[in-house]
Amino acid sequence: MRKTLLGLAGTVALLLGLTAPALAFEPVNVVHTEKVQVGPYDLTVGFSTWPVKAMQSLDFTFAPEDGITGKKGTLTVLHNGVEAEDDPLARHPRKREVWGLDIYALPEPGTWTMRFDVEGPAGAGTGELTNLQVMEQPGPPMGLSWAVSTIPLFGLIALIVIAWRRTRTAVD
Amino acid sequence: MTVNIAATAASSARTVPRGLVPASVVLGGTLLSLIGLTWDIQWHSDVGPDTFFTLPHLFLYAGSAISGLASLAVVLMTTAAAKRDRTIDPMVGGRAVGVFGRTFEAPVGYLISGIGAALFLVYGLWDQWWHGLYGFDAVIDSPPHIGLLLSISITMVGAVMIFAVARDERWGTYGVAGAAATLLAFSMVTVLGLRALPGGPVNTVNAGSAFFSVMILFMGAYVLKRRGGALAVGVTVAALQAVFWWFSPWATEVYADATGLPLRDYADGIPGLPNMIPMSLILVAVAVELLRGLPAWVPGAVGGVIITGLAPVQRIFVYGSNFPAIERYVATVVAGALLGALAGMLGRRFGHMLRHLAPAKEERHA
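About the criteria used
- Residues numbered from 1 in each chain as written.
- Chains lettered and ligands numbered in written order.
- Predicted model: local features only at pLDDT ≥ 70, side-chain atom pairs only at ≥ 80, totals over all residues.
- Heavy atoms only, no water.
- Helix = DSSP H or I, 4+ residues; strand = E, 2+ residues; numbered from the N terminus.
- Buried < 20%, exposed > 50% of the residue type's maximum accessible area, 1.4 Å probe, protein only.
- Contact = heavy atoms within 4.5 Å.
- Areas by Shrake-Rupley, 256 points an atom, 1.4 Å probe, with all protein chains shown as cover.
- Lys, Arg positive; Asp, Glu negative; His and termini not counted.
- Charge placed at Lys NZ, Arg CZ, Asp CG, Glu CD.
- Pairing = 2+ DSSP bridges.
- Buried area = accessible area lost by both parts, 1.4 Å probe.
- Salt bridge = Lys/Arg side-chain N within 4 Å of Asp/Glu carboxyl O.
- Polar contact = N/O pair within 3.5 Å; in protein donor to acceptor, adjacent residues only side chain to side chain.
- Nonpolar A, V, L, I, M, F, W, Y, C, P; charged D, E, K, R; others polar.
- UniProt positions renumbered as here; feature names shortened; annotations may be inferred.
- Axes fitted to C-alpha atoms, helices over the stretch in contact; angles between N-to-C directions.
- Parallel < 35°, antiparallel > 145°, perpendicular 65-115°, else oblique.
- Left-handed = near helix turned anticlockwise from the far one by under 90°.
- Patch = residues over 30% accessible without salt bridge, like charges linked within 9 Å, V, L, I, M, F, W, Y side chains within 5 Å.

The name that an unreviewed UniProt entry assigns to chain A is CopC domain-containing protein, with the source organism given as Lentzea waywayandensis.

What follows is the structure, encoded as structure tokens:
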């Protein structure tokens, strides 16, 4: 028992010791930008992948021309005119000088809109990035992906069926 | 009675009961998986930046690796014993079954826990391919993630089986409660996959949480088949929930500090995974204890109603969110009652199935 515990403690220590230097995060690479006029502010919306495809995650950046200092606001995401998300504009975790969404995917193809409400030293304003076209999802159809991914569940059900048939009598 | 005394005397003659060490390693591995998962979910919500080698990810990999290697070791030792015509003790993981003809002799509990760990590797590759195509999204309920969670769940089912074999020993009793509680807590994340199902007015995740938590609670209770069995599982789940409530945000903040990363703007620090576990489960456990004399579907339905009925209350209490539309609430509670009744009957039957794993008492006496 002591050996087992020592083994477990050793594994955890090894994990802790090895991971800290292994962390190296991808930088945010903006490959496409769109301009949005949000009241008195010029906002640049950056995309790390272009064109945008449904379910494919990417980094979005939202950069006012004169920086985010002293400003705050909200981002509302709409799909075909219906509100899908409404969140405060937060700094991008890997690009802290601008607002953004990290590794974020739009779930459905179609026409999306991003509405920005920004308040700052020059007052408040609203602006929209309209007509953001999101293409069909890449990869196999979702039904197939789900079928592959739920094989363990069906395996478990098969095991239960076998066990069920072999254990008809109750045991004390 | 004599049989029990003889069995207890035999086990107390050793310092460590036979079967306890590998069973504990498998359970320890599943606990590491659960710790890794709660930490990873919190990391994504409160901090964000991600690589293959984050510490929470390594806990997830290590959990399956440890459980898998322990299972493999037991299978190989059992195979070696069988080849030398030595008696195989069925207290270690249950009756041995032949694998690939009779190439391997695998105690059934360790076979299942090992298969879960092997599947984890396969689904790890599927997940890697998926991320290559869709990007490194932090979507917990993507198909490959659900495949990975299901694989870990299979290892956890194996752990329940391994301890169920020793249900009459004290360590077996505690182990069943611990392994069932780990599986229950973990399954509350796997049910997020049900968001992909069209539920109409029903909240499929709440209904699914009710189904799986009632089923696993009943399963644990009926394996132990003694007063307090359901309560033991319920209290262990509550203890895990309480520890993770503190641990998840704490570990996330400590790890972010250690790696020099800031917390997200507007990170609320609300524990993600612990909040997916119904706090009302302890009430369900009490109801199961009180309604012992009734057919399993009755306390099952009561359990389903308690969990789906109180899920929005928990959300209001933790997040301050609004009460759902009454039509959706009623539909979900009705689904909870029906699924709870089914889960009660299934859980009871699964408990009986697991009791079959223990060696027959005459064998143990010999």
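Asker: Is there a simple way to think about the overall build of chain B in this case?
Answerer: Helix and strand counts for chain B stand at 13 helices and two strands. Reported as C-alpha extents along the three principal axes, the dimensions of chain B are approximately 65 × 50 × 35 Å. Counting all 366 residues of chain B, 58% fall into the buried class. Look at the contacts in chain B between residues 6 or more apart in sequence, and 77% of them connect residues 24 or more apart. Working note: accessible area of chain B is about 15,100 Å², and carbon and sulfur atoms make up 68% of it. Positive and negative side-chain charges of chain B, numbering 22 and 19 respectively, have mean locations separated by a distance of 15 Å.

Asker: Looking at this model, I keep getting lost on the environment of Val30 of chain A. Mind explaining?
Answerer: All names here are of chain A. Mapped onto the elements of the fold, Val30 is located in the loop between helix H1 (2-19) and strand E1 (32-38). Accessibility expressed as a relative area gives 37% for Val30, which makes it partly exposed. Separated by 40 residues in the primary sequence, Val30 and Gly70 place their C-alpha atoms 24 Å from one another. Each residue touching Val30, except ones within four places of it in the same chain, is listed here: Gly46, Phe47, Ser48 and Thr61.

Asker: Which parts of the structure should I look at to understand the pairing of strand E10 (residues 123-135) of chain A?
Answerer: Remark: a regular strand shows side chains that alternate across the two faces of the sheet. All names here are of chain A. Pairing of strand E3 (residues 52-53) with E10 involves two bridges; the strand directions are parallel. From the neighbouring strand, Val52 faces E10, where its bridge partner is Val134. In terms of strand pairing, strand E9 (residues 110-120) meets E10 through 10 bridges, oriented antiparallel. Opposite Met114, over in E10, you have Leu129 as the bridge partner. Connecting the antiparallel pair E9 and E10 is a turn made up of two residues.

Asker: It is not clear to me how the sheet that holds E3 of chain A should be interpreted in this structure. Could you clarify?
Answerer: Whether parallel or antiparallel, the strands of a sheet pair through hydrogen bonds between backbone atoms. On the basis of which strands lie adjacent, the open sheet formed by five strands has the order E3-E10-E9-E5-E6 (chain A) and mixed pairing. Edge positions in the sheet fall to E3 and strand E6 (82-88) of chain A, since each has one partner strand and no second.

Asker: Mind showing me how you'd approach the interface of chain A and chain B here?
Answerer: Interfaces are often sized by the amount of accessible area the parts lose when they come together. Between chain A and chain B, the residue contacts involve 49 residues of the former and 57 residues of the latter. For the chain A and chain B pair, buried surface summed over both sides reaches about 4,500 Å², with 71% attributable to carbon and sulfur atoms. For chain A, the biggest contributors to the area lost against chain B are Phe25, Trp146 and Val171 of chain A; these three give 13% of the whole. One can count two salt bridges joining chain A with chain B. Between Asp102 of chain A and Arg264 of chain B there is a salt bridge, with the nearest N and O atoms lying 2.8 Å from each other. Between chain A and chain B we count 11 residue pairs in polar contact (both at pLDDT 80 or more) in total. Considering each element in turn, the side of chain A that touches chain B owes the most residues, nine residues, to helix H3 (residues 151-166) of chain A. Broken down by class, the residue content of the side of chain A that touches chain B amounts to 30 nonpolar, 12 polar and seven charged.

Asker: Got a minute to help me understand the UniProt feature "transmembrane region" (unreviewed entry) in chain A in this structure?
Answerer: The feature "transmembrane region" (unreviewed entry), as annotated in UniProt, sits at residues 143-164 of chain A in this numbering. With 95% helix and 0% strand, residues 143-164 of chain A has end C-alpha atoms that lie 29 Å from one another.

Asker: Can you help me understand the pattern of salt bridges in this one?
Answerer: Pairing between side chains becomes possible if they bear opposite charge and their charged atoms approach one another. All told, the structure shown has 11 salt bridges over all chains when counted by the stated rule. Two residues, Asp59 of chain A and Arg94 of chain A, come together in a salt bridge whose shortest N-O distance is 2.6 Å. One end of the pair, Asp59 of chain A, is in strand E4 (residues 58-64); the other, Arg94 of chain A, is in the loop between strand E7 (91-92) and strand E8 (95-104), with 35 residues separating them in the sequence. Accessibility expressed as a relative area gives 22% for Arg94 of chain A, which makes it partly exposed. The salt bridge involving Asp265 of chain B is made with Arg91 of chain A; its shortest N-O contact spans 2.8 Å. Separated into two different chains, Asp265 of chain B in the loop between helix H8 (229-258) and helix H9 (272-276) and Arg91 of chain A in strand E7 make up a pair that spans both.

Asker: Can you walk me through the packing of helix H2 (residues 142-149) of chain A against helix H5 (residues 143-165) of chain B in this structure?
Answerer: Relative orientation and spacing of two packed helices are given, respectively, by the angle between their axes and the distance between those axes. Running from amino to carboxyl end, H2 of chain A crosses H5 of chain B at an angle of 10°, the nearest separation of the two axes being 8 Å. Between H2 of chain A and H5 of chain B, the angle is such that the two are roughly parallel. For the pair H2 of chain A and H5 of chain B, the crossing hand works out as right-handed. Taken together, the residues of H5 of chain B that come into contact with H2 of chain A (itself represented by Met142, Ser145, Trp146 and Ser149 of chain A) are Pro143, Pro144, Ile146, Gly147 and Leu150 of chain B. Tallied by class, residues from the contact of H2 of chain A with H5 of chain B come to six nonpolar, three polar and no charged.

Asker: What am I meant to see in the side chain of Asn275 of chain B here?
Answerer: Residues and elements named next belong to chain B. Within the element layout of this structure, Asn275 appears in helix H9. On the basis of relative accessibility, which here comes to 11%, the residue Asn275 falls in the buried class. Contacts of Asn275, omitting those with residues within four sequence positions, involve Trp245, Gln314, Val318 and Tyr319.

Asker: Where do I start with a nonpolar patch on the surface in this structure?
Answerer: Residues and elements named next belong to chain B. A cluster of nonpolar side chains, namely Leu283, Leu310, Val313, Ile316, Phe323, Ile326, Val330, Val334 and Leu338, defines an oily patch on the protein surface of about 780 Å² accessible area. Listing elements by their share of the nonpolar patch, those giving two or more residues are helix H11 (297-319) and helix H12 (326-355). Tallying contributions element by element places H12 first for the nonpolar patch, with four residues. Mapping Val330 onto the fold places it in helix H12. The class of Val330 is partly exposed, set by a relative accessible area of 43%.

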